[in-house]
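# Topology and contacts: notes
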Amino acid sequence: MKMTVNRLRVVVLGSSRCGKSAVVVRYLTKRYIGEYSSTGDFLYNHRVSFDGVTSEVEVLDTCGCAKRGCLPEHLRWGDAFAVVYSVCDRRSFLAAAELLALLERTRLPGCAAVTLLGNKRDLEHARVVKTEEGQELSLRFGCQFYEVSAAESCAGAALAFHALLREARALALLLPAPRRKLAAYSVSKVIGSILGLSNKSVRKKRPSLSI
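Note that this is a predicted model, so its numbers are computed, not measured. (Residues numbered from 1 in each chain as written. Predicted model: local features only at pLDDT ≥ 70, side-chain atom pairs only at ≥ 80, totals over all residues. Heavy atoms only, no water.)

### Examining the overall build of the protein
A count of helical and extended segments in the protein gives seven helices and seven strands. The buried share among the 211 residues of the protein stands at 48%. Entry remark: accessible area of the protein is about 10900 Å², with carbon and sulfur atoms responsible for 55%. (Helix = DSSP H or I, 4+ residues; strand = E, 2+ residues; numbered from the N terminus. Buried < 20%, exposed > 50% of the residue type's maximum accessible area, 1.4 Å probe, protein only. Areas by Shrake-Rupley, 256 points an atom, 1.4 Å probe, with all protein chains shown as cover.)

The following block contains the structure:
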């Protein structure tokens, strides 16, 4: 017998050109699209079933959120976070490390599921970030770690996202609602002080797609 848990919200973070959108679309549709020209966030609505459980999932594919000032809202909104970098781009790896550090500082411990995702593993000839470096970074921040290739296969992306959703499901069942609300309130206050932003941010309308 299957049960449906509450809606889960997944935020996908990372620097530009690391392949965030390719990974998200590969997971949701099993299709690969190599080039994207998005200048804004995109919200996908998705229903997924595995482990005998069906979940309603919202996946937010972010774009330039740090520059546009909406990162605080994203961190407050999400239940789970996939932090993506390219194994061919050292700067994207450093950016991922900064995002993990920010999540650690602004989310209450144990209130959010986090996965570090190294993309473009098929481009071994252009690799500049070793697998061991990704593993070490994930151990440092106590999060899951996967290397995938959005271009090569949908299997890796599915494995990584299902593991992230599995952890988010567990947290949703274990944590009482007041604690989840406290976590969201804390991130709003703390990241505002870190970035010098007002908590009275205007919610931006995001394009959305149901899959």
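### Considering the pattern of salt bridges
Under the definition given, this model contains six salt bridges. The partner of R90 in a salt bridge is E133, and the shortest N-O contact between them spans 2.6 Å. Of this pair, R90 sits in helix α4 (residues 90–106) while E133 sits in helix α5 (residues 131–141), and the two are 43 residues apart along the sequence. In this structure, R127 engages E124 in a salt bridge whose closest nitrogen and oxygen atoms are separated by 3.0 Å. Taking the relative accessible area as the measure of exposure, E124 reaches 49% and is therefore partly exposed. Each member of the salt-bridge network shares a partner with another, and the members are E124, R127 and E147. (Salt bridge = Lys/Arg side-chain N within 4 Å of Asp/Glu carboxyl O.)

### Regarding the pairing of strand β3 (residues 53–61)
Along a regular strand, successive side chains alternate from one face of the sheet to the other. The buried count for β3 comes to nine of nine residues, which makes it a mostly enclosed element. What you see with β3 is no split at all: V53, S55, V57, V59 and D61 on one side and T54, E56, E58 and L60 on the other are buried throughout. The pairing of strand β2 (residues 42–50) with β3 spans nine bridges and is antiparallel. Residue pairing in the sheet places Y44 in a bridge with V59 of β3. Between β2 and β3, which pair antiparallel in sequence order, lie two residues; one of them, D51, sits at a positive phi of approximately 60°. (Pairing = 2+ DSSP bridges.)

### Examining the packing of helix α1 (residues 20–29) against helix α6 (residues 155–174)
At a minimum axis distance of 9 Å, the contact between α1 and α6 shows a crossing angle of 85°. Relative to α6, the element α1 lies roughly perpendicular. Residues V23, V24 and Y27 of α1 pack against A157, A158, F161, H162 and L165 of α6. The residue makeup of the contact of α1 with α6, split by class, is seven nonpolar, one polar and no charged. (Axes fitted to C-alpha atoms, helices over the stretch in contact; angles between N-to-C directions. Parallel < 35°, antiparallel > 145°, perpendicular 65-115°, else oblique. Contact = heavy atoms within 4.5 Å. Nonpolar A, V, L, I, M, F, W, Y, C, P; charged D, E, K, R; others polar.)

### Topic: the pairing of strand β4 (residues 80–86)
Here β4 lies mainly inside the structure; seven of its seven residues are buried. Residues A80, A82, V84 and S86 of β4 are buried on one face, and the alternating residues F81, V83 and Y85, pointing to the opposite face, are buried as well.

### A word on unusual backbone geometry
Residues apart from glycine generally show negative phi values, whereas peptide bonds are mostly found in trans. In this model, K30 sits at a positive phi of 70°, which is unusual for a non-glycine residue. Assignment of secondary structure puts K30 in the loop between α1 and β2. The backbone phi angle of K120 is positive, close to 70°, even though this residue is not glycine. Topologically, K120 is positioned in the loop between β5 (113–119) and α5.

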